[in-house]
Each structure stands twice: as structure tokens, then as C-alpha cells.
Amino acid sequence: QVQLVESGGRLVQAGGSLRLSCAASGRTFSRFVMGWFRQAPGKEREFVAGISWSGSTNYADSVKVRFTIYRDNAKNTVYLKMNSLKPEDTAVYYCAADISSWYRPNTWGQGTQVTVSS
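Because the structure is a prediction, the values reported are computed rather than measured.

A.B. asks: Sorry if this is basic, but what is going on with the side chain of T112 here?
C.D. replies: By secondary structure assignment, the location of T112 is in strand β11 (residues 112–117). A residue is classified by how much of its surface remains accessible, and T112, at 10% relative accessible area, is buried. A distance of 3.1 Å separates a polar side-chain atom of T112 from the backbone nitrogen of G9. Ignoring anything within four residues of it in the chain, the contact list for T112 reads E6, S7, G8, G9, L20, A91, V92 and Y93.

A.B. asks: So what exactly am I meant to see when it comes to the sheet that holds strand β8 (residues 77–82) here?
C.D. replies: Hydrogen bonding along the main chain pairs the strands of a sheet, whether they run parallel or antiparallel. In spatial order, the strands read β1-β3-β8-β7; together these four strands make up an open sheet with antiparallel pairing. Of all strands in the sheet, those bounded by a partner on one side alone are β1 (4–7) and β7 (67–72). Geometrically, the sheet is characterised by an average inter-axis angle of 15° between neighbouring strands, direction not taken into account. As defined by bridge partners, β1 adjoins strand β3 (residues 18–24) across four bridges and the pair is classed as antiparallel. Residue pairing in the sheet places V5 in a bridge with A23 of β3.

Here is what the cut-offs are and how they apply
Residues numbered from 1 in each chain as written. Predicted model: local features only at pLDDT ≥ 70, side-chain atom pairs only at ≥ 80, totals over all residues. Heavy atoms only, no water. Helix = DSSP H or I, 4+ residues; strand = E, 2+ residues; numbered from the N terminus. Buried < 20%, exposed > 50% of the residue type's maximum accessible area, 1.4 Å probe, protein only. Polar contact = N/O pair within 3.5 Å; in protein donor to acceptor, adjacent residues only side chain to side chain. Contact = heavy atoms within 4.5 Å. Pairing = 2+ DSSP bridges. Axes fitted to C-alpha atoms, helices over the stretch in contact; angles between N-to-C directions.

This is the structure in C-alpha cells:
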């Protein structure tokens, strides 16, 4: 079992940048598909980005080009670099992990709030 702790969320102005971090416990971190999801008020949780154990990445259309997911297996950490932030990016961002699934992970972090002001 892996445990996840997110950090880095805060208030930022539109057009700004932010980097979220997700620290994972457990020795098998490198084997997991890691992902970022987000949930805005009144909306369902949605996939944002994912990265496989080999480094393959996948992004939602709404964040392609602007967001980058990457991982440091030596530090058991996955990151989400967000550029050109928009007010519609405002949400609670969750880190997630699964042994194989990109879109239905079975382990979640507690979430970190990102607020983009216009």
C-alpha cells in the first residue's frame, strides 16, 4: 500500500505558474502509475495528467502544453508543473496511484487547493 501527501497548492494570479508535489511512501513507488486529478466546486473529479512507471505521460486536453507531469523515483515524488494558469484551473488537486490504471486509481491523497484569480 502506498500513501500520498500533496503540497504546493496556493492562490496565484491568472497567467502565473505553480508546481504541485506528491510525496509517496512505500518502496514500490517506481512501479505505480501516478496521476493528478482535480475537482472544482460543483463539478465531478476529472483526470488531469498521468505518468507511467516508464515515464510515458498522458494529459487532459484542457491542460496539454500548459501542464507537465514528471516523477523522481529516487525521491518517491511526482510533480505537476502548471504554467499559464487560468481561473478555470481553480480546484482541489489530488494525487493518485495505481498499479496499472490511469483513470481509476485505487489510492488517493488528501488534496491541495489551487485557486487562480482573474
